Amino acid sequence: MIVGRRDLIAGGVAGGATLLAGCDRVIEHPAARRILFMGEDMQRGLQRALVDRNALAPEFTPEQRSPFFRPNGTRDPGTPEYDALREGRFAEWRLQVDGLVARPLSLALTDLAAFPQRAQITRHDCVEGWSAIAKWQGPKLGDVLKAAGMRDGARYIVFTCADMYGGAPYYESIDLVDAFHPQTILAWALNDRFLPVMNGAPCRLRVERQLGYKHAKYLMRATAVASLAGIGKGRGGYWEDNVDYDWYAGI
Ligand SMILES: Nc1nc2c(c(=O)[nH]1)N[C@H]1C(S)=C(S)[C@@H](COP(=O)(O)O)O[C@H]1N2
Ligand SMILES: [Mo]
(Lines give C-alpha, C1' and ligand atoms only; values in the text may rest on other atoms or scores of the structure.)
(Ligands and ions follow the chains in the order given, each with its own letter.)
Protein backbone atom coordinates (compact mmCIF):
# COMPACT_ATOMS: atom_id res chain seq x y z
CA MET A 1 0.00 0.00 0.00
CA ILE A 2 1.24 3.45 -0.79
CA VAL A 3 0.72 6.03 1.88
CA GLY A 4 -0.22 9.31 0.23
CA ARG A 5 0.73 12.72 1.49
CA ARG A 6 -2.87 13.27 2.50
CA ASP A 7 -2.69 10.26 4.82
CA LEU A 8 0.54 11.52 6.33
CA ILE A 9 -0.94 14.92 6.94
CA ALA A 10 -4.19 13.51 8.31
CA GLY A 11 -2.09 11.41 10.68
CA GLY A 12 -0.30 14.51 11.88
CA VAL A 13 3.02 13.75 10.21
CA ALA A 14 3.99 16.40 7.73
CA GLY A 15 5.80 14.37 5.12
CA GLY A 16 9.36 13.27 4.45
CA ALA A 17 11.15 16.36 5.71
CA THR A 18 9.68 15.95 9.18
CA LEU A 19 10.09 12.19 9.20
CA LEU A 20 13.77 12.60 8.51
CA ALA A 21 14.16 15.48 10.93
CA GLY A 22 14.10 13.00 13.79
CA CYS A 23 17.44 11.52 12.69
CA ASP A 24 19.60 14.62 12.64
CA ARG A 25 22.77 12.85 13.69
CA VAL A 26 22.54 10.21 10.99
CA ILE A 27 21.73 12.84 8.41
CA GLU A 28 24.83 14.84 9.27
CA HIS A 29 26.99 12.12 7.81
CA PRO A 30 27.29 12.89 4.08
CA ALA A 31 27.16 9.25 2.98
CA ALA A 32 24.15 8.45 5.16
CA ARG A 33 22.52 11.60 3.94
CA ARG A 34 23.11 10.66 0.33
CA ILE A 35 21.63 7.21 0.85
CA LEU A 36 18.65 8.54 2.77
CA PHE A 37 17.79 11.07 0.12
CA MET A 38 18.42 8.57 -2.65
CA GLY A 39 15.81 6.38 -0.93
CA GLU A 40 13.55 9.35 -0.72
CA ASP A 41 13.98 10.07 -4.43
CA MET A 42 13.30 6.44 -5.29
CA GLN A 43 10.20 6.43 -3.12
CA ARG A 44 8.97 9.59 -4.79
CA GLY A 45 9.87 8.22 -8.19
CA LEU A 46 7.91 5.08 -7.42
CA GLN A 47 4.99 7.14 -6.21
CA ARG A 48 5.07 9.21 -9.38
CA ALA A 49 5.15 6.03 -11.45
CA LEU A 50 2.29 4.30 -9.63
CA VAL A 51 -0.03 7.19 -8.92
CA ASP A 52 -2.35 8.20 -11.73
CA ARG A 53 -0.95 11.62 -12.36
CA ASN A 54 -4.05 12.65 -14.30
CA ALA A 55 -6.50 11.80 -11.52
CA LEU A 56 -8.42 14.77 -10.18
CA ALA A 57 -8.00 16.19 -6.68
CA PRO A 58 -11.23 16.13 -4.65
CA GLU A 59 -13.53 19.10 -5.11
CA PHE A 60 -15.91 20.45 -2.49
CA THR A 61 -19.21 22.32 -2.19
CA PRO A 62 -19.44 26.06 -1.51
CA GLU A 63 -20.68 25.30 2.02
CA GLN A 64 -17.55 23.33 2.79
CA ARG A 65 -15.29 26.31 2.20
CA SER A 66 -13.19 27.53 5.11
CA PRO A 67 -14.39 30.83 6.59
CA PHE A 68 -10.90 32.28 6.09
CA PHE A 69 -8.02 31.28 3.84
CA ARG A 70 -5.00 32.03 5.99
CA PRO A 71 -1.83 33.29 4.36
CA ASN A 72 1.51 31.55 4.72
CA GLY A 73 5.05 32.48 3.75
CA THR A 74 5.21 35.91 2.16
CA ARG A 75 2.16 38.03 3.01
CA ASP A 76 3.26 41.06 1.02
CA PRO A 77 6.28 41.11 -1.33
CA GLY A 78 6.82 44.77 -0.34
CA THR A 79 9.36 45.50 -3.07
CA PRO A 80 9.23 48.88 -4.87
CA GLU A 81 8.27 47.08 -8.11
CA TYR A 82 5.44 45.18 -6.46
CA ASP A 83 4.25 48.23 -4.55
CA ALA A 84 4.02 50.16 -7.83
CA LEU A 85 2.00 47.38 -9.48
CA ARG A 86 -0.27 47.17 -6.46
CA GLU A 87 -0.71 50.95 -6.43
CA GLY A 88 -1.97 50.71 -10.03
CA ARG A 89 -4.35 47.87 -9.08
CA PHE A 90 -2.22 45.52 -11.19
CA ALA A 91 -3.28 47.11 -14.49
CA GLU A 92 0.41 47.23 -15.48
CA TRP A 93 1.17 43.69 -14.27
CA ARG A 94 2.08 41.20 -16.97
CA LEU A 95 2.79 37.49 -16.78
CA GLN A 96 5.68 36.65 -19.07
CA VAL A 97 5.40 33.22 -20.66
CA ASP A 98 8.75 32.41 -22.20
CA GLY A 99 11.60 29.95 -22.54
CA LEU A 100 11.07 26.94 -24.81
CA VAL A 101 7.87 28.25 -26.38
CA ALA A 102 7.14 29.13 -30.00
CA ARG A 103 5.44 32.45 -29.17
CA PRO A 104 6.46 34.19 -25.93
CA LEU A 105 3.45 35.87 -24.34
CA SER A 106 3.01 38.88 -22.10
CA LEU A 107 -0.39 38.54 -20.46
CA ALA A 108 -2.38 41.14 -18.51
CA LEU A 109 -5.08 40.09 -16.06
CA THR A 110 -7.66 40.89 -18.73
CA ASP A 111 -5.87 38.45 -21.05
CA LEU A 112 -5.98 35.72 -18.40
CA ALA A 113 -9.68 36.41 -17.90
CA ALA A 114 -10.29 36.12 -21.67
CA PHE A 115 -9.22 32.46 -21.70
CA PRO A 116 -11.90 29.85 -20.89
CA GLN A 117 -12.12 29.90 -17.11
CA ARG A 118 -11.98 27.02 -14.68
CA ALA A 119 -13.36 27.38 -11.14
CA GLN A 120 -12.71 24.73 -8.50
CA ILE A 121 -13.25 24.36 -4.78
CA THR A 122 -10.28 22.44 -3.44
CA ARG A 123 -8.35 21.79 -0.26
CA HIS A 124 -4.94 23.31 0.22
CA ASP A 125 -2.58 21.25 2.38
CA CYS A 126 0.49 22.94 3.83
CA VAL A 127 3.37 20.81 5.17
CA GLU A 128 3.20 22.87 8.32
CA GLY A 129 0.04 20.97 9.18
CA TRP A 130 -2.87 23.19 8.23
CA SER A 131 -5.45 22.85 5.47
CA ALA A 132 -8.10 25.17 4.04
CA ILE A 133 -10.83 24.80 1.43
CA ALA A 134 -11.47 27.61 -1.04
CA LYS A 135 -12.71 28.38 -4.53
CA TRP A 136 -10.11 29.35 -7.10
CA GLN A 137 -10.65 30.63 -10.61
CA GLY A 138 -8.49 31.26 -13.63
CA PRO A 139 -7.44 29.86 -17.00
CA LYS A 140 -5.91 26.42 -17.20
CA LEU A 141 -2.13 26.69 -17.36
CA GLY A 142 -2.30 24.11 -20.16
CA ASP A 143 -4.43 26.43 -22.32
CA VAL A 144 -1.99 29.29 -21.79
CA LEU A 145 0.93 27.03 -22.68
CA LYS A 146 -0.89 25.83 -25.78
CA ALA A 147 -1.36 29.45 -26.82
CA ALA A 148 2.38 29.97 -26.42
CA GLY A 149 3.17 26.68 -28.16
CA MET A 150 5.54 24.29 -26.40
CA ARG A 151 8.83 23.67 -28.18
CA ASP A 152 10.60 20.32 -28.35
CA GLY A 153 12.72 19.61 -25.32
CA ALA A 154 10.57 21.51 -22.80
CA ARG A 155 10.14 19.39 -19.68
CA TYR A 156 9.36 21.77 -16.83
CA ILE A 157 7.63 25.06 -16.20
CA VAL A 158 9.52 27.33 -13.81
CA PHE A 159 7.55 30.03 -11.97
CA THR A 160 9.30 33.23 -10.95
CA CYS A 161 7.62 35.18 -8.16
CA ALA A 162 7.69 38.84 -7.14
CA ASP A 163 8.78 38.13 -3.55
CA MET A 164 11.91 37.25 -1.66
CA TYR A 165 11.48 34.90 1.28
CA GLY A 166 14.17 34.74 3.95
CA GLY A 167 16.43 36.72 1.60
CA ALA A 168 16.12 34.39 -1.42
CA PRO A 169 13.78 34.76 -4.40
CA TYR A 170 10.77 32.44 -4.22
CA TYR A 171 10.39 30.20 -7.22
CA GLU A 172 8.86 26.85 -8.04
CA SER A 173 8.65 24.35 -10.87
CA ILE A 174 6.40 21.54 -12.07
CA ASP A 175 6.66 19.02 -14.89
CA LEU A 176 4.45 18.99 -17.96
CA VAL A 177 2.13 16.31 -16.55
CA ASP A 178 1.12 18.71 -13.80
CA ALA A 179 1.32 21.74 -16.09
CA PHE A 180 -1.33 20.24 -18.38
CA HIS A 181 -3.42 18.71 -15.58
CA PRO A 182 -7.00 20.05 -15.90
CA GLN A 183 -6.99 21.44 -12.34
CA THR A 184 -3.71 23.32 -12.73
CA ILE A 185 -4.76 26.94 -13.15
CA LEU A 186 -3.37 30.44 -13.03
CA ALA A 187 -5.73 31.67 -10.33
CA TRP A 188 -6.60 35.36 -10.20
CA ALA A 189 -9.73 34.96 -8.06
CA LEU A 190 -10.25 33.48 -4.59
CA ASN A 191 -13.82 32.92 -3.42
CA ASP A 192 -15.15 35.08 -6.28
CA ARG A 193 -12.96 38.09 -5.52
CA PHE A 194 -9.60 39.25 -6.84
CA LEU A 195 -6.81 37.56 -4.93
CA PRO A 196 -5.90 39.42 -1.74
CA VAL A 197 -2.26 40.48 -1.56
CA MET A 198 -1.64 38.01 1.28
CA ASN A 199 -2.77 35.12 -0.95
CA GLY A 200 -0.63 36.03 -3.97
CA ALA A 201 -2.20 38.93 -5.90
CA PRO A 202 -2.63 39.35 -8.73
CA CYS A 203 -2.11 35.72 -9.80
CA ARG A 204 -0.88 32.46 -8.30
CA LEU A 205 -0.47 28.89 -9.36
CA ARG A 206 -2.92 26.23 -8.22
CA VAL A 207 -1.50 22.76 -8.72
CA GLU A 208 -4.05 20.76 -6.82
CA ARG A 209 -2.32 17.38 -6.70
CA GLN A 210 0.61 18.81 -4.78
CA LEU A 211 1.34 20.34 -1.38
CA GLY A 212 0.99 24.04 -0.60
CA TYR A 213 4.56 25.17 -1.18
CA LYS A 214 4.28 24.26 -4.89
CA HIS A 215 1.43 26.81 -5.33
CA ALA A 216 3.61 29.78 -6.21
CA LYS A 217 2.11 33.17 -5.37
CA TYR A 218 2.86 36.60 -6.92
CA LEU A 219 3.58 35.12 -10.34
CA MET A 220 5.71 37.19 -12.71
CA ARG A 221 7.04 34.67 -15.17
CA ALA A 222 6.38 31.12 -16.38
CA THR A 223 9.34 29.71 -18.25
CA ALA A 224 9.46 26.43 -20.16
CA VAL A 225 12.84 24.75 -19.65
CA ALA A 226 14.56 21.48 -20.48
CA SER A 227 16.31 21.17 -17.15
CA LEU A 228 16.20 22.65 -13.66
CA ALA A 229 19.99 22.77 -13.45
CA GLY A 230 21.36 26.29 -13.13
CA ILE A 231 18.09 27.71 -11.77
CA GLY A 232 18.42 28.73 -8.14
CA LYS A 233 20.45 25.98 -6.51
CA GLY A 234 19.14 23.51 -9.07
CA ARG A 235 16.58 21.54 -7.06
CA GLY A 236 13.54 23.17 -8.62
CA GLY A 237 12.18 25.46 -5.95
CA TYR A 238 12.76 27.65 -2.95
CA TRP A 239 12.03 24.98 -0.33
CA GLU A 240 13.73 22.26 -2.35
CA ASP A 241 16.89 24.36 -2.56
CA ASN A 242 16.93 25.64 0.99
CA VAL A 243 15.18 23.08 3.23
CA ASP A 244 15.39 19.71 1.42
CA TYR A 245 11.66 19.53 0.69
CA ASP A 246 10.83 17.12 -2.13
CA TRP A 247 10.55 18.58 -5.59
CA TYR A 248 7.57 16.32 -6.24
CA ALA A 249 5.09 16.97 -3.44
CA GLY A 250 2.23 14.81 -4.65
CA ILE A 251 -0.83 14.26 -2.47
N1 LIG B 1 5.71 33.46 -3.91
C2 LIG B 1 5.42 32.67 -2.85
N3 LIG B 1 4.62 31.63 -3.06
C4 LIG B 1 4.29 30.81 -2.02
C5 LIG B 1 4.81 31.02 -0.73
C6 LIG B 1 5.65 32.15 -0.54
O7 LIG B 1 6.13 32.44 0.56
N8 LIG B 1 5.94 32.96 -1.63
N9 LIG B 1 4.48 30.15 0.30
C10 LIG B 1 4.01 28.81 -0.08
C11 LIG B 1 3.41 28.03 0.99
S12 LIG B 1 4.44 27.20 2.03
C13 LIG B 1 2.07 27.83 1.06
S14 LIG B 1 1.38 26.78 2.21
C15 LIG B 1 1.16 28.61 0.21
C16 LIG B 1 0.31 29.49 1.09
O17 LIG B 1 -0.65 30.16 0.34
P18 LIG B 1 -1.51 31.26 1.07
O19 LIG B 1 -0.57 32.32 1.54
O20 LIG B 1 -2.52 31.75 0.10
O21 LIG B 1 -2.14 30.58 2.27
O22 LIG B 1 1.80 29.42 -0.74
C23 LIG B 1 3.00 28.90 -1.23
N24 LIG B 1 3.47 29.78 -2.28
MO1 LIG C 1 3.11 25.64 3.07
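No experiment lies behind these values; they were computed from the predicted model shown.

The rules we used
Residues numbered from 1 in each chain as written. Chains lettered and ligands numbered in written order. Predicted model: local features only at pLDDT ≥ 70, side-chain atom pairs only at ≥ 80, totals over all residues. Heavy atoms only, no water. Core = buried A, V, L, I, M, F, W, Y, C linked by side-chain atoms within 4.5 Å. Buried < 20%, exposed > 50% of the residue type's maximum accessible area, 1.4 Å probe, protein only. Contact = heavy atoms within 4.5 Å. Helix = DSSP H or I, 4+ residues; strand = E, 2+ residues; numbered from the N terminus. Pairing = 2+ DSSP bridges. Arc of directions from axis to C-beta. Near = heavy atom within 4 Å. Polar contact = N/O pair within 3.5 Å; in protein donor to acceptor, adjacent residues only side chain to side chain. Areas by Shrake-Rupley, 256 points an atom, 1.4 Å probe, with all protein chains shown as cover. Salt bridge = Lys/Arg side-chain N within 4 Å of Asp/Glu carboxyl O.

Draft legend 1. Region of interest: the nonpolar core. Ranked by size, the top nonpolar core spans 57 residues in total, and within it Phe159 and Leu186 carry the most contacts. The contact partners of Leu186, leaving out residues within four places of it in the chain, are Leu95, Leu112, Gln137, Gly138, Pro139, Leu141, Val144, Cys203, Arg204, Leu205 and Leu219. One finds Tyr156, Tyr171, Leu228 and Trp247 within the second-largest nonpolar core, a separate group that totals 7 residues.

Draft legend 2. Highlighting the pairing of strand S5 (residues 156-165). The buried count for S5 comes to 7 of 10 residues, which makes it a mostly enclosed element. Sheet topology places S5 next to strand S6 (residues 168-175); 7 bridges connect them, and they run antiparallel. Bridge pairing in S6 links Tyr165 to Ala168. Adjacent in sequence and paired antiparallel, S5 and S6 are bridged by 2 residues, among which Gly166 carries a positive phi angle near 55°. Strand direction decides the pairing type here: S5 and strand S11 (residues 219-225), joined by 6 bridges, are antiparallel. The partner of Cys161 across the bridge, within S11, is Leu219.

Draft legend 3. Region of interest: helix H7 (residues 141-148). Every buried residue of H7 is listed here: Leu141, Gly142, Val144, Leu145 and Ala148. Looking down the long axis of H7, one finds its buried residues gathered within 160° of arc, a one-sided arrangement. Directly after H7, the chain includes Gly149, whose backbone phi takes a positive value near 80°.

Draft legend 4. Inspection of the site of ligand 1 at higher detail. In the vicinity of ligand 1 lie 21 residues, with Arg70, Asn72, Asp163, Arg204 and Lys217 positioned nearest. Between an oxygen atom of ligand 1 and a main-chain N or O atom of Met198, the distance comes to 3.5 Å. Alone, ligand 1 offers 530 Å² of accessible surface; in the complex the protein occludes 99% of this.

Draft legend 5. Just the side chain of His215, in detail. With respect to the helices, strands and loops of the structure, His215 is situated in the loop between strand S10 (204-207) and S11. At 3.0 Å, the side chain of His215 forms a polar contact with the backbone oxygen of Val207. Other than its neighbours up to four places away in sequence, His215 contacts His124, Arg204, Leu205, Arg206, Val207, Glu208 and Gln210.

Draft legend 6. Main features of the side chain of Asp125. Tracing the backbone through its elements, the reader meets Asp125 in strand S3 (residues 117-125). The class of Asp125 is buried, set by a relative accessible area of 1%.

Draft legend 7. Focus on the pattern of salt bridges. Counting across every chain of the model gives 11 salt bridges. For Asp192, the salt bridge is made with Lys135, and the minimal N-O distance between the two is 2.8 Å. With Asp192 in the loop between strand S8 (189-190) and strand S9 (193-194) and Lys135 in strand S4 (residues 131-139), the pair connects residues that are 57 residues apart, well separated along the chain. Asp192 gets classed as exposed once you look at its relative accessible area, which sits at 52%. Assessed through its relative accessible area of 22%, Lys135 is described here as partly exposed. In this structure, the salt-bridge partner of Arg206 is Glu208, at a minimum N-O distance of 3.0 Å. Each member of the pair Arg206 and Glu208 is classed as buried.

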